[in-house]
Structures are given as structure tokens and as C-alpha cells.
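Structural characterization, general
Each chain is listed here by its residues.
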Amino acid sequence: MNAIARAVLAMALLSPAALSATSIAASDQPLSQPQGGPRPDAATVQAWQARKFGLFIHFGLYSVLGGVWDGKRITQGYSEQIQSFAPVPIDRYEALAKRFDPEKFDPDAIVALAKAAGMKFIVLTAKHHDGFAMFHTAQNGYNIVDATPYGRDVVKELADACARAHMPFGVYYSTIDWHWMHGQYRPDNDNPITPAQADFNVAQIRELMSRYGPISEVWFDMGKPTPEQSARFARAVHALQPQAMVSGRVWNHQGDFTVMGDNREPDEGMEEPWQSPASMFPDTWGYRSWAKREDLPAKVRENIERLVRVVSAGGNYILNIGPEGDGSVVPYEADVLRGIGAWLKPRGEAIYGAQASPFAKLDFGYATLGAHTLYLFVAKPPVDGVLHLPGVLDTRFGRGHMLGDAQAGVAPVSVDVSGATVKVDNLAGAGYMPVVAIPFEGELHVRPDAVAPGANGHVHLAAAQAEHFLNYNGYGYGDAPSVYKMRWHARAGLGDYMLVLRYRDAPAAAKLDVRVDGHARALPLSAGAGAAHLRVSRDPHAFPYAMQVELTPVAPYHKGDRLPATVESVELVPLMNMAH
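All residue numbers here refer to positions counted from 1 along the written sequence of the relevant chain. Totals for whole chains, interfaces and linings use every residue, but because this is a predicted model, local features are given only for residues with pLDDT of at least 70 and side-chain atom pairs only at 80 or more, for both listing and counting. As a rule here, side-chain values come from all non-hydrogen atoms in the structure, and water together with hydrogens is ignored.

Detailed reading of the predicted model is not advised wherever pLDDT is low. Every residue gets a pLDDT, meaning the predictor's confidence in that residue, from 0 to 100. Per-residue confidence for the chain gives a mean pLDDT of 91, with 92% of residues at or over 70. Contacts are assigned to residue pairs with any non-hydrogen atoms lying within 4.5 Å of each other. Contacts for the low-pLDDT stretch residues 1-28, under 50 throughout, to residues beyond four places or in other chains number 51 contacts.

Okay, structure coming up:
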């Protein structure tokens, strides 16, 4: 028996008591917040993350047009950006304010609809790219109070309705402003922000933060501000509302939560608070009169599954509606929300406050994790009625039950060397995406997928096998995400190893942190390409089921920091002193 075989055997013989740590524990070096000024506290962040599902409302001057200009359907771009895509001459667009009279806008009914949908927060467009303010700003007369026959502050009316219903309320704010810019904009809305326009933005942000009660989040969008401007916008929010969560689209890594691209979900792991913004139809957010509103049940199912996918990955889902120019909610969109709410009502415990799935992938659907309950969302019912949970071990389960179905039988759970299996019956009659709740005692233990040693005893960890953690919301919407962490699990036994890191594209000499089973060591890299070596040791008490190897910037690192080189692979070579 060679050294690595003896070490693997020793690992296998560890007692269950020694395997007390769960393999899904987070890194001991979390991604830190941006520096400078107040930020929301941990309790606020936790409460924000627990809400899971919210309502986005795109409503403004563009709603009057409904995606039509001079009798022609404008098919290019989102309808809320029709001024840019039609294009509409600025004087004719601004004249729309004289026709904007949303007398059917009913804030209390909108809040009631959001509650019926199971939504836990609302975000309204206070000002979109067109620069028209849906609140009473003192910075110019281009706002719903001073320029329209309606003459009322929509932001205030909805904020007050949310306060009455104890619904967290947030505002969307575009940092570009076509009215300010006299219609001069770039097709991708990545305009730099001039100093004068930044001052104007800050003045309006202060109005929004001081006149409308507690603000749960500020959803900045678009533009290409400098790092200093992004920090200034975030400070303007937090100076007046320290607990308001600022969206990552304030850019330059200054947000309190990360925002995915429109109708996008992350492809990799996420460690920080994040949100996936979704529109009812992928081609618009603002009202489009000629949108095809077909197959209501399919649209309800589509958004239930999107919600479940996002929550299973650890994020929040915010779903948009676009009211008509008269302020009324499109009946089809209201019916979609009610359909989601009907599904959520008996299953909410599997969504609200739940943690991300402990499984990398499930062949039948998705999972979330409660304090002492595992929730299984069955999107693809198996023919044999058996749900497979790979890697589960050393966990004491109770009998599962179907949420919202008192007639369904209990679901027995068994655990063997391959994981756990759950036997469920009558799934065919359980409706769309049934949810099985399985209680467990203590902690849930899941053995991660781990890379096995080769014939020579070495463990080769290729870059493609790693879990990549990415920086989002950098220098503008077009700035590609960058890698700040890579993580592998290796089937490595007790003892010492020589870790060999192969890399390229290092612009200068630098260091990165290597964390093996949570123990960090700095590893110097030379400029260019090469291989760096570091002696490391296995610590099964910290990560009992597999060795965890992480590469990160040197601690403490913050949003926007990235790995200093392109990692090609990590090799773990057992050292001779493993033999005793």
C-alpha cells in the first residue's frame, strides 16, 4: 500500500464524531463590502435576503406611447426607451407630459396585488433614462407634479401605500438623463456622467432619500460613472438612509447587492447578496400595447420556475410589470402575479428566508434549505417516484411530506453510500412543481463532488473543474465579470502535499492566498507565466469529506479585487512523509 492509499484509508476510517462539520460551510474569508462611509448592517442585509420575491414597476412618460410612435410599432429595444429607439425628437417626447394623466393609478390596489402574488417588496421607477421624474423634484419642472395634468407625486403615493401595508419600498434611479443631456445619448446608455449632471443626480437622490419614508433599496441603473462618482452616489443614499441597500448598478463595485443582467441568472457561485431582475416579456419592461399576452398558465409556470431557480441559487427575484399610460395594471400581468401567489401560498416556507441548495445539481429539479428542513422542488417527476440526493451522509432525517397537499402520503427517506433517496407517491396529481419538505436533526451533511487522484497519486485540479466566483457590476454595464475566487474539492487523504499552481498572464509580480481546508497561506507569483509551489496539509476536522482548495486575492480583499493571474491548474503531490 503506497502513501496516498494509506492516507485515503485513514480518512475513510474517521469516526462519525470526527465528521461533524458540514461540507457546505462558507469560506472563512467572505467578500467584504466597499470601503468608506456607512453601510447597511448585517441584520438589514439578512432581512433583505430573506424577502426573496419582489415587484418591479416600470412606469413613466413612455407608458403613454405603449411602444408605438407615429402609428408604428417600435420593435427595436425596450419600450421604456422608445425615445432613443424610435427615435422621438426631444421636443415631441417632452410634450407627452401634457397628455400624461394616470388617473387609474391605484397604489393601494398595486400593493394588494403584490401581496396576493406573495411578493415581499416593491421597487418603482422614480426616474428612468428619459429624465422624467415620477416625483416632485425641485431640480427642474420636468416631473409628474409640475408638468402633467395629473399633478400628483406617484412615488409618494406608492410609498405611502407601502407604509400602510408594511411593505418595504424602494426606488429605481437612472444616472443618465436624456432630458438633462438634451437627447444626446449613446446607443448602449453608457454615457459618462459630467460633473454638473452628477451634482444634479445627487440633489435628486437626496430628495428621494429625505421625503418618502424608509427606503429599502435604491436601484441605480446605466451610465458609466467614474469610481468617485459611484462612491458619491452610494454615500448620498447612505448619508440619509444608512440601511437602504444600493444596487450594484451604481457601478464600480460600490453596491450593497449584486444585480444580474436583465433576465439573467448567475452561472457560477455567489457569496454576496444578489438579485435577478426579470421582465414579464423579455423584449420590454415598460408597457407595450401590442405585446402578445398568450398562454397564461405557461407564463405563470415560467415565473414560478424562475423564482425557484433563483432562490435555490441563493438570490432574490424581482419580477416587473409595466402599467398602461392611464396607470392601470395590465390584466394579463395581474393574472400572472395572482397565479404565482396561488402556488406560493401553501409553499412559502420553502422560499422565504431559505438558504441556497446544498447540492450542485439535482436531476429532478431544485432544493432550498431551512433551519432544520430540506425542501425539494420536483420539476421533473421521476417515473419510479424516487428522488435521489447525491452525497448525503451522516444525517438523521424524519419523514417528508408534500407542502400544500394534505392528501399526499409521507415520504420515507433512506441513506446509503451513494446518498439519500426519497420515495414519493402520487406526484402526477400534485399539480405544478410539488414541494417535498423533509425535516432533519442537527446539520445536513453533503459530501461535495471531489476530484480523485490519478494513477500516480497526484490530484490534478484543472481550471475548468473549479467553481468560479465572479465580480459583477464593475465599470459600466459592458464590463465583463472577473474572477476573484476559485474553489475545488479534492479526494485527498491525511498528510502533507506540495501544491503546484500553474498560471499565466500575470501583469506583474504579485501574491494570492491559497486556502487549504480554511487555512490561508500567501503564495508569490512572478510576472508572466510559470509555476508556484507551496507545502500544504490536510485538515479533516475543518472539511471532513474532501480537501477544499481555494485561491483568492490576499486578505483582506474587497469587491472588485480579482485573482492576479489566469490560473491553469493546481496539482496536489503527496509528500513522502505521509507514510508512518
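A separate point is the sheet that holds strand β19 (residues 459-462). Strands were regarded as paired on the criterion that DSSP finds at least two bridges between them. Only runs of H or I of at least four residues qualify as helices and only runs of E of at least two qualify as strands under DSSP, and these elements are numbered from the N terminus. If you trace the four strands from one edge of the open sheet to the other, you get β19-β27-β22-β25, paired in antiparallel fashion. In this open sheet, the two edge strands, each paired with only one partner strand, are β19 and β25 (528-537). Here the average twist between neighbouring strands, direction ignored, is 15 degrees. With eight bridges connecting them, strand β22 (residues 496-506) and strand β27 (residues 566-574) associate as antiparallel partners. Opposite Met498, over in β27, you have Val573 as the bridge partner. Fitted lines through C-alpha atoms serve as axes, helices being fitted only where they are in contact, and the angles separating the N-to-C directions of these axes extend from 0 to 180 degrees.

Just to be clear on terms, a salt bridge is a Lys or Arg side-chain nitrogen sitting within 4 Å of an Asp or Glu carboxyl oxygen. Evaluated as defined, the whole model comprises 28 salt bridges. With its nearest N and O atoms 3.0 Å apart, the salt bridge here joins Arg92 to Asp70. Residue Arg92 is found in helix α4 (residues 90-94), and its partner Asp70 is found in the loop between β2 (68-69) and β3 (72-73); the two are separated by 22 residues along the sequence.

Moving on to the sheet that holds strand β4 (residues 122-127). Read from one edge to the other, the open sheet built from eight strands follows the order β7-β6-β5-β4-β1-β10-β9-β8, with strand pairing classed as parallel. Strands with a single pairing partner mark the edges of an open sheet, and in this sheet they are β7 (245-246) and β8 (258-259). By the bridge criterion, two bridges tie strand β6 (residues 217-221) to β7 in an arrangement that is parallel. Bridging across to β7, Glu217 finds its partner in Met245. Its contacts with the sheet put helix α6 (residues 154-165) on β1 (53-57), β4 and β5 (169-174), and the angle it makes with β4 is roughly 165 degrees. Strands in contact with helix α7 (residues 195-211) are β4, β5 and β6; relative to β5, the strand with the most contacts, it is inclined by about 170 degrees.

In this analysis, the expected span of each helix is defined as 1.5 Å times one less than the number of residues it contains. For helix α10 (residues 331-344), spanning 14 residues, the distance from its first C-alpha to its last is 20 Å, which sits close to the expected 20 Å at 1.5 Å a residue. Along α10, the residues that are buried comprise Tyr332, Glu333, Ala334, Val336, Leu337, Ile340, Gly341, Trp343 and Leu344. Buried residues along α10 sit against β1, α5 (107-116), α9 (296-312), β10 (316-321), β12 (373-378) and β18 (435-441). Here's how the labels work: a residue is buried when its accessible area is under 20% of the maximum for its type, exposed when over 50%, partly exposed in between, all with a 1.4 Å probe on protein chains only.

The next point concerns the packing of aromatic side chains. Each Phe, Tyr or Trp ring, with Trp reduced to its six-membered ring, pairs with another whose centre is within 6.5 Å; inter-plane angles below 30 degrees give stacked pairs, above 60 give edge-to-face pairs, and intermediate values give tilted ones. One pass over the full model with this rule turns up 21 aromatic pairs. Here the aromatic rings of Phe132 and Tyr142 are separated by 5.1 Å at their centres, their planes lie at 85 degrees, and the arrangement is edge-to-face. One end of the pair, Phe132, is in the loop between β4 and α6; the other, Tyr142, is in the loop between β4 and α6, with 10 residues separating them in the sequence. You'll find Phe132 and Tyr142 in the same group, each marked buried.

Turning our attention to α5. For α5, the complete set of buried residues consists of Pro107, Ile110, Val111, Leu113 and Ala114. Angular distribution of buried residues about the axis of α5 spans 160 degrees; they occupy a single face of the element. Structurally, α5 contributes buried residues whose contacts are with β1, β4, α6 and α10. Looking at the residues trailing α5, positive phi occurs at Gly118, about 85 degrees. Note that the arc is defined by the directions from the helix axis to the C-beta atoms.

With 100 residues, the main nonpolar core has Val155, Leu158 and Phe377 as its most contacted residues. If sequence neighbours within four positions are ignored, Leu158 has contacts with Ile57, Phe105, Pro107, Ile110, Val111, Ile122, Leu124 and Phe169. Only buried residues count toward a nonpolar core. Its members are Ala, Val, Leu, Ile, Met, Phe, Trp, Tyr and Cys residues joined through side-chain atoms within 4.5 Å. By size, the runner-up hydrophobic cluster in this structure holds 30 residues, among which are Ala490, Leu499, Leu523 and Val570.

The next point concerns the side chain of Ser63. Within the secondary structure, Ser63 sits in the loop between β1 and β2. Residue Ser63 is classed as buried on the basis of its relative accessible area of 1%. Contact partners of Ser63, with chain neighbours within four places excluded, come to His58, Tyr287, Pro323, Glu324 and Gly325.

Along β10, six of the six residues are buried, which leaves the element largely enclosed by surrounding structure. Burial of β10 is two-sided: the residues Asn316, Ile318 and Asn320 facing one way and the residues Tyr317, Leu319 and Ile321 facing the other way are all buried. Pairing of β1 with β10 involves five bridges; the strand directions are parallel. Looking at β10, one finds that Ile57 is bridged to Ile321. Bridge count between strand β9 (residues 274-278) and β10: four bridges; the pairing is parallel. The partner of Ser276 across the bridge, within β10, is Tyr317.

The sheet contact formed by β22 and β25 spans nine bridges and is antiparallel. Paired with Tyr503 across the bridge in β25 is Gly530.

Before going further, it helps to examine the environment of Lys559. By the secondary structure assignment, Lys559 is in the loop between β26 (547-552) and β27. The buried category is assigned to Lys559, whose relative accessible area is 18%. Measuring from C-alpha to C-alpha, the distance between Lys559 and His253 comes to 5.6 Å, with 306 residues separating the pair along the chain. Under this definition, polar contacts are N or O atom pairs within 3.5 Å; protein pairs additionally need one hydrogen-donor-capable and one acceptor-capable atom, and for neighbouring residues in sequence, both atoms have to be side-chain atoms. Looking at Lys559, its side chain comes within polar contact range of the main-chain oxygen of Gly255, at 2.4 Å.

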